[in-house]
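This is what each chain is made of:
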Amino acid sequence: MHGWKLIPLVVLVAGCAARRPMPPLAGPSSEPVLETPARVALMTAPGEADWTALGDEATGLLTRYLRINTTNPPVVLRRDGIEAQIFEPAQGKANLYARLRGDGSARPLILLNHMDVVLASPEYWTVDPFSGLIKDGYVWGRGALDMKGEAIAQLMTMLILKRAHVPLKRDIIFLATSDEEIGAGVGAAWIAEHQADLVRDAEFLLNEGGVTRADGRGGVEFYGVGTTEKSPFWLDVTARGTAGHGSRPTPDNPVHRLIRALNRIAEWRTPLTVIPAVERSFRDLATIERDSTVRRWLSDIRTALRDSVAVRAITADLTYNALLRNTISITGLKGSDKTNVIPPVATAAIDVRLLPGQDPATFLAELTRVVGDTAVTVRPQGPNWPATESPIETEMFRAITAVAHARHPNALVTTLMLPGFTDSHYFRRMDIASYGLGPFPLTQGESRGVHGNDERVRIDALRFGVRFYYDVVTLVAAK
Ligand SMILES: [Zn+2]
């Protein structure tokens, strides 16, 4: 296993940094592992010429970050005089917290990123996934998009604000967590549970979960800002029956029972449900849709869903389908370990995703009715949380829109509901307006690297994203 690859980039020095008092000094650090790119000196807010050098610095940092261990935020932050704290709730799982002070006249803004990445299978990659290679105008590596690239954009924003002595009305909190992809409770969940005081006073949060869709010709089709997400409701299905020898079939073989139950679940078409957030983004997306029929459907999705042709076409799109209903994927199966043994129990795991506003208990009752077998039980794997939504009538949403329009005056800025989920829900539940921002203009093809093979970010998209992030943050936080 690549256990160490899941360890975040702070960890190599977290070991020493956490146990040793942090040097209180600003400026170059004496950390032995330091090998960071040249640092751009700033006396005031960056001008055109500075952004080229800042883009180079971001590229260099990302390359090193993708190689995991030759640089790390504590050192980079400290080198610029920003104190960072490290919390290590579990061995090798560290969370990093740094705060740039404002004058306190407005509430803080959190820049949230996760340091862990999903596994990469090198045999399917054209380059070493942990090389941070620069090739063909891209920085390649697992995490380049999800989400080390965005983390570097956030880190650069902190550094630039500090170097340029930008006066702030809000504190800016940089929070890098160690555990998003697995969800073992030692990342954002741990902060929310054990260090809530560090973040509770924040008004806004920026995180992964947004999209800037490039048109492939140097322009942008739309900016999608994540405002809400579906909520996972993972279930175990258990069938019980009579165990025995495989040579003498029993009528209540639990594996047979389970298969029949799962068959009913697989065939169940959950009802189509239009929630206001999805209705709004479909209406927005209709304005840039080229196909006139699809445009008509998207502009009035409620009416479209009464037409069976439209329903078939729209739900054939996996994303649209997931936005319009509670979904079910049967993902795990377990019967007997031995071919000739009928087990007493057979189980399946199913991945249910609920739309915001749906009641888990109601869904469970409905699913149990669909299964229709008292020998089969359906139980949640763990606690579930209600999906929450962040409002768009906020200073942050307006800032994102303004920064996007400054670059692409005609581009659509719309809201997105993620069919998956990020760590934003921990903060939305604390009443912090949290937005998914995708700062890098990516074509549909480029986005496929997320959790896929050959994940990479175009260097010019990285440069764009660093400046985009900085502009959004200064617009809401600078005095
Ligand atoms: Zn992610």
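That block above? That's the structure.
All of the points below concern the structure found in this document.

1. Description of the overall build of the protein
Along the backbone of the protein there are 17 helices and 19 strands. In terms of overall dimensions, the protein is globule-like: its C-alpha atoms have a radius of gyration of 24 Å, near the 23 Å expected for 479 residues. If one aligns the C-alpha atoms of the protein with their principal axes, the spans along those axes are about 80 × 55 × 45 Å. When each of the 479 residues of the protein is scored for burial, the buried share is 56%. Taking all contacts inside the protein whose residues are at least 6 apart in sequence as the whole, residues at least 24 apart take part in 80%. About 20,800 Å² of surface is accessible on the protein, with carbon and sulfur atoms providing 53% of the total. Taking the average location of the 53 positive side-chain charges in the protein and that of its 53 negative ones, the two points are 2 Å from each other.

2. Looking at the sheet that holds strand S12 (residues 327-334)
Pairing within the open sheet is antiparallel, and its four strands lie in the order S12-S14-S10-S15. The sheet is open, and its two edges are formed by S12 and strand S15 (376-380), each paired on a single side. For this sheet the average axis-to-axis angle between neighbouring strands, irrespective of direction, equals 25 degrees. In the packing of helix H13 (residues 360-371) onto the sheet, contacts are made with strand S10 (231-240), S12, strand S14 (345-354) and S15, and the angle to S15 comes to roughly 160 degrees.

3. Here we look at the packing of aromatic side chains
As enumerated under the stated definition, the model contains ten aromatic pairs in all. For the pair Trp268 and Phe363, a centre-to-centre distance of 5.7 Å together with 40 degrees between the ring planes defines the contact as tilted. On the criterion of sequence distance, the pair formed by Trp268 in the loop between helix H7 (254-267) and helix H8 (276-286) and Phe363 in helix H13 is long-range, its members being 95 residues apart. Look at Trp268 and you get buried, because its relative accessible area is 17%. Positioned above the aromatic ring of Phe464, the side-chain terminus of Arg407 is 5.7 Å from the ring centre. Here the guanidinium or amino end of Arg456 rests over the ring plane of Tyr138, the centre of that ring lying 4.9 Å away.

4. Quick notes on helix H17 (residues 459-477)
Between its first and last C-alpha atoms H17 spans 27 Å; for 19 residues at 1.5 Å apiece the expected length is 27 Å, and the two agree. Within H17, 14 of the 19 residues are buried, leaving the element largely enclosed by the surrounding structure.

5. Digging into the packing of helix H3 (residues 48-66) against helix H5 (residues 148-163)
Put simply, H3 and H5 touch, their axes get as near as 10 Å, and they point 135 degrees apart. With respect to each other, H3 and H5 are oriented oblique. As for the relative orientation of H3 and H5, their crossing is right-handed in sense. For the pair formed by H3 and H5, the contact residues are Trp51, Leu54, Glu57, Ala58, Leu61, Leu62, Tyr65 and Leu66 on the first element and Lys148, Gly149, Ala151, Ile152, Leu155, Met156, Leu159, Ile160 and Arg163 on the second. When grouped by side-chain class, the residues that make up the contact of H3 with H5 number 13 nonpolar, one polar and three charged.

6. Concerning the coordination of the zinc ion
Protein coordination of the zinc ion is provided by His114 (NE2), Asp146 (OD), Glu208 (OE) and Glu208 (OE), with donor distances spanning 1.8 to 2.7 Å. Around the zinc ion, the four donor atoms are arranged such that angles at the metal cover 52 to 149 degrees; this shape is classified as irregular.

7. Thoughts on helix H14 (residues 395-407)
Taking 1.5 Å per residue as the helical rise, H14 with its 13 residues ought to reach 18 Å, and the 19 Å between its terminal C-alpha atoms agrees with that figure. For H14, the set of buried residues is Met396, Phe397, Ala399, Ile400, Thr401, Val403 and Ala404. Structurally, H14 contributes buried residues whose contacts are with strand S3 (109-114), strand S7 (204-207), strand S9 (220-229), strand S16 (412-418), strand S17 (433-436) and H17.

8. Regarding the nonpolar core
With 70 residues, the main nonpolar core has Leu77, Ile172 and Leu206 as its most contacted residues. Ranked by size, the runner-up nonpolar core spans 22 residues in total, among them Leu285, Trp297, Ala310 and Leu324.

9. Quick look at the pairing of strand S8 (residues 211-214)
Note: S8 against S9, four bridges, orientation antiparallel. Note on S9: the bridge partner recorded for Val211 is Gly224. Counting the residues between successive antiparallel strands, the hairpin from S8 to S9 contains five residues, one of them, Gly216, with a positive phi of roughly 80 degrees.

10. Regarding the sheet that holds strand S19 (residues 456-458)
The three strands lie next to each other as S4-S5-S19, forming an open sheet whose pairing is antiparallel. If you trace the sheet from one side to the other, it starts and ends with strand S4 (134-135) and S19, each paired once. Relative to S19, strand S5 (residues 138-140) is paired through three bridges, and the arrangement is antiparallel. Looking at S19, one finds that Trp140 is bridged to Arg456.

11. A closer look at the environment of Thr303
Along the chain, the position of Thr303 falls in helix H10 (residues 301-304). For Thr303, a relative accessible area of 39% corresponds to the partly exposed category. Note: C-alpha distance between Thr303 and Pro271 (32 residues apart in sequence) is 15 Å. There is a polar contact of 2.6 Å between the side chain of Thr303 and the side chain of Asp300.

12. Quick look at the pattern of salt bridges
Counted according to the given criterion, the structure contains 26 salt bridges. With a closest N to O distance of 2.9 Å, Asp201 and Arg99 form a salt bridge. Taken together, the positions of Asp201 in the loop between helix H6 (188-194) and S7 and Arg99 in strand S2 (residues 93-100) put the pair 102 residues apart, joining distant regions of the chain. Close ionic contact of Arg257 with Asp373 constitutes a salt bridge, the shortest N to O distance being 2.8 Å. With Arg257 in helix H7 and Asp373 in the loop between H13 and S15, this pair connects stretches of sequence that are 116 residues apart. Salt bridges linked by common partners bring Arg39, Glu57, Asp80 and Arg163 together as one network.

13. A word on unusual backbone geometry
Note that the residue after Asp146, namely Met147, is joined by a cis bond; omega there is -15 degrees. One non-glycine residue, Asp136, adopts positive backbone phi at about 55 degrees. Positionally, Asp136 belongs in the loop between S4 and S5. Classification of Asp136 as exposed rests on a relative accessible area of 61%. Of note in this structure, His165 is not a glycine but carries a positive phi near 50 degrees. When its relative accessible area of 57% is taken as the criterion, His165 is described as exposed.

Each value, and the rule that gives it
Residues numbered from 1 in each chain as written. Predicted model: local features only at pLDDT ≥ 70, side-chain atom pairs only at ≥ 80, totals over all residues. Heavy atoms only, no water. Helix = DSSP H or I, 4+ residues; strand = E, 2+ residues; numbered from the N terminus. Rg over C-alpha atoms; globule rule 2.2 N^0.38 Å. Buried < 20%, exposed > 50% of the residue type's maximum accessible area, 1.4 Å probe, protein only. Contact = heavy atoms within 4.5 Å. Areas by Shrake-Rupley, 256 points an atom, 1.4 Å probe, with all protein chains shown as cover. Lys, Arg positive; Asp, Glu negative; His and termini not counted. Charge placed at Lys NZ, Arg CZ, Asp CG, Glu CD. Pairing = 2+ DSSP bridges. Axes fitted to C-alpha atoms, helices over the stretch in contact; angles between N-to-C directions. Phe/Tyr/Trp six-rings, centres within 6.5 Å; stacked < 30°, edge-to-face > 60°. Lys NZ or Arg CZ within 6 Å of the ring centre and 35° of its normal. Expected span 1.5 Å × (residues − 1). Parallel < 35°, antiparallel > 145°, perpendicular 65-115°, else oblique. Left-handed = near helix turned anticlockwise from the far one by under 90°. Nonpolar A, V, L, I, M, F, W, Y, C, P; charged D, E, K, R; others polar. Donors = N, O, S within 2.8 Å, 3.2 Å for Na, K, Ca; no water. Tetrahedral: all angles 85-135°; square planar, octahedral: opposite > 155°, others 65-115°. Core = buried A, V, L, I, M, F, W, Y, C linked by side-chain atoms within 4.5 Å. Polar contact = N/O pair within 3.5 Å; in protein donor to acceptor, adjacent residues only side chain to side chain. Salt bridge = Lys/Arg side-chain N within 4 Å of Asp/Glu carboxyl O.

Read these as geometric descriptors, not functional statements.
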